[in-house]
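Residue-level structural notes
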Amino acid sequence: MATPDELLEFLPGSDCGQCGLTCAEFAAALSRGDLAPEDCPVLHEPDFAGFIDALHELLGPPAAPAPAMHLDPDRCNGCGICVAMCEYHLGNCDEARLGRGPRPADRVVFKVVNGAVVVLRQDLCTRLIQAAEKCNKCADHCPTGAITLT
Ligand code: SF4
Ligand code: SF4
Ligand code: SF4
């Protein structure tokens, strides 16, 4: 990933303000992924042909979005199937391995509280481990489609 100073080399440098920023601020926004080279209108002028492609080359491929779990509380009926099937629970909680559900003291991704599942430690989900295969068990087994994994 290029630094903002390296990206600035391929911006017009005129601080024209059409993007609402200075060129240096635009370069910083590019490096954070908040803006794309195409957002600078001046780079679309013939004098800057090739600059947008050069900036894309410096920026490299866009980062993949972080895996995440979304739970729809209106769909969850509290059945607890996701808690019982969770890959992390089965690998780390003795009680879960025996099909009895985790104990209160166990570290768990989620558990059923008052008839609905509550996510407690999403960071334990194996999907967040970079090299891990992307587990989908909780979403696959949820009978109501309450869990979406991205
Ligand atoms: S529109 Fe382009 S040239 Fe103008 S300030 Fe923004 S980045 Fe610089
Ligand atoms: S499997 Fe689905 S419906 Fe059952 S507790 Fe989990 S999220 Fe709720
Ligand atoms: S995706 Fe995460 S929360 Fe769902 S079963 Fe797998 S490890 Fe558990």
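Cys82, Cys86, Val109 and Phe110 are the most contacted members of the largest nonpolar core, which totals 16 residues. Contact partners of Cys86, with chain neighbours within four places excluded, come to Val109, Lys137 and Cys138. Counting ten residues, the second largest nonpolar core, distinct from the first, contains Leu7, Leu11, Leu30 and Leu55.

Close to ligand 3 lie 13 residues, the nearest being Cys86, Cys125, Cys135, Lys137 and Cys138. Contributing elements (two or more residues each) for the shell around ligand 3: helix H5 (87–92) and helix H7 (137–141).

What follows concerns the domain arrangement of the protein chain. Here the protein chain is described as being made up of domain 1 (4–59) and domain 2 (69–149). Each of domain 1 and domain 2 has a C-alpha centre, and these two points are 43 Å apart.

So, about the pairing of strand E2 (residues 110–113). Two strands pair when backbone bridges link them, and E2 and strand E3 (residues 116–119) are joined in this way by four bridges, in the antiparallel orientation. By the bridge assignment for E3, Val113 is matched with Ala116. The hairpin turn running from E2 into E3, its antiparallel successor, is two residues long, and Asn114 in that turn takes a positive phi close to 50°.

This part is about the site of ligand 1. Neighbouring residues of ligand 1: 15 residues in total, closest Cys16, Cys19, Cys23, Phe26 and Cys40. Among the residues making up the shell around ligand 1, the classes are represented as ten nonpolar, four polar and one charged.

Time to look at unusual backbone geometry. One non-glycine residue with positive phi stands out, namely Asp15, at about 50°. Here Asp15 is to be found in the loop between helix H1 (4–8) and helix H2 (23–32). A positive phi angle is found at Asn114, which is not glycine, with a value near 50°. Looking at the element boundaries, Asn114 is found in the loop between E2 and E3. Asn114 gets classed as exposed once you count the C-beta atoms within 10 Å, which come to 6.

Definitions and cut-offs
- Residues numbered from 1 in each chain as written.
- Chains lettered and ligands numbered in written order.
- Predicted model: local features only at pLDDT ≥ 70, side-chain atom pairs only at ≥ 80, totals over all residues.
- Core = buried A, V, L, I, M, F, W, Y, C linked by C-beta atoms within 7 Å.
- Buried ≥ 20, exposed ≤ 12 C-beta atoms within 10 Å, placed from the backbone.
- Contact = placed C-beta atoms within 7 Å.
- Near = placed C-beta within 6 Å.
- Helix = DSSP H or I, 4+ residues; strand = E, 2+ residues; numbered from the N terminus.
- Domains from an automatic or database assignment.
- Pairing = 2+ DSSP bridges.
- Nonpolar A, V, L, I, M, F, W, Y, C, P; charged D, E, K, R; others polar.

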